[in-house]
Amino acid sequence: MIAVKLSKLRPLEKKLLKAAESALKNAYNPYTRTTVGAAVLSKEGKIFKGSSFANQSSGSNVCAERAAVLNANTNGFRKIEKLAIFENDSVKGGEPAMPCGICLQFLEELPKISGKDLEIITSNDSKTRIFKTKLSELLPFPYNGSNGKKAKR
Ligand SMILES: [Zn+2]
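These numbers were taken from a predicted model, which means no experiment stands behind them.

## What about the coordination of the zinc ion?
And then number 1: Donor atoms from the polypeptide that bind the zinc ion are Cys 63 (SG), Cys 100 (SG) and Cys 103 (SG), placed at 2.3 Å.
And then number 2: Taken in sequence order, the residues that donate to the zinc ion follow the motif C-x36-C-x2-C. Residue Cys 63 is located in the loop between β3 (47–51) and α2 (64–74), and its partner Cys 100 is located in the loop between β4 (80–87) and α3 (101–107); the two are separated by 37 residues in the primary sequence.

Rendered as structure tokens:
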């Protein structure tokens, strides 16, 4: 994982982060102050946004990362290559949000579909702290319930 300046992001990465920032505006959470926006970039160059959606039973929360992937899937795009995350960071003192464990395992499907590691950009809401990383770095040993054997499709 590396820290980068906003000015060092490529134009498409800035566009993706901007989309995640706009998704934050529609995040729903009347229970805590954590709200997150995310955006994914498909192989075809399409961007899909997702906003976090909290629930009184927190186990039912849907994170912005999963919402963005499901938005892409609903629109027929599943080869996701990049993910941007943008959090209201008033709670965490300015550090960018990292995907939760449930999202990491969920996102683990994407490299199987796209054939590429998922690039992740995450920023605090003032864009003064931005990290670039990859899914394989955040989840080096994903769950593989079938002892690594792939199901026949
Ligand atoms: Zn999550």
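## A closer look at unusual backbone geometry
And then number 1: With a phi close to 60 degrees, Lys 127 is a non-glycine residue in the positive phi region.
And then number 2: For Lys 127, the location among the structural elements is in the loop between β5 (119–123) and β6 (130–134).

## So, the nonpolar core
And then number 1: Counting residues in each nonpolar core, the largest one holds 20 residues, and the members touching the most others are Val 40, Leu 83, Leu 107, Leu 118 and Leu 135.
And then number 2: Only β2 (36–42), α2, β4 and α3 provide two or more residues apiece to this core.
And then number 3: It is α2 that provides the largest number of residues to this core, a total of four residues.
And then number 4: Aside from chain neighbours lying at most four places away, what touches Val 40 is Leu 16, Lys 46, Ile 47, Phe 48, Ala 68, Val 69, Ala 72, Ile 80, Lys 82 and Leu 83.
And then number 5: By size, the runner-up hydrophobic cluster in this structure holds 14 residues, among which are Leu 9, Leu 41, Ile 121 and Ile 130.

## A look at the packing of aromatic side chains
And then number 1: Overall, the coordinates contain two aromatic pairs when judged by the stated rule.
And then number 2: Judged by centre distance (5.4 Å) and plane angle (35 degrees), the rings of Phe 48 and Phe 77 are tilted. Taken together, the positions of Phe 48 in strand β3 and Phe 77 in the loop between α2 and β4 put the pair 29 residues apart, joining distant regions of the chain.
And then number 3: Judged by its relative accessible area of 9%, Phe 48 falls in the buried class.

## Re the sheet that holds β6
And then number 1: Pairing within the open sheet is mixed, and its six strands lie in the order β1-β6-β5-β4-β2-β3. Each edge of the open sheet carries a strand with a single partner, namely β1 (2–4) and β3. Within this sheet the neighbouring strands show an average axis-to-axis angle of 20 degrees, counted without direction.
And then number 2: As judged from the five bridges shared by β4 and β5, these two strands associate in the parallel manner. Pairing of Lys 82 across the sheet is with Glu 119, part of β5.
And then number 3: Contacts from helix α1 (residues 11–24) reach β2, β3, β4, β5 and β6 within the one sheet, and its direction differs from that of β4 by about 50 degrees.
And then number 4: Of the strands in this sheet, β2, β3 and β4 are in contact with α2, which crosses β3 at around 140 degrees.

What counts as what
Residues numbered from 1 in each chain as written. Predicted model: local features only at pLDDT ≥ 70, side-chain atom pairs only at ≥ 80, totals over all residues. Heavy atoms only, no water. Donors = N, O, S within 2.8 Å, 3.2 Å for Na, K, Ca; no water. Helix = DSSP H or I, 4+ residues; strand = E, 2+ residues; numbered from the N terminus. Core = buried A, V, L, I, M, F, W, Y, C linked by side-chain atoms within 4.5 Å. Buried < 20%, exposed > 50% of the residue type's maximum accessible area, 1.4 Å probe, protein only. Contact = heavy atoms within 4.5 Å. Phe/Tyr/Trp six-rings, centres within 6.5 Å; stacked < 30°, edge-to-face > 60°. Pairing = 2+ DSSP bridges. Axes fitted to C-alpha atoms, helices over the stretch in contact; angles between N-to-C directions.

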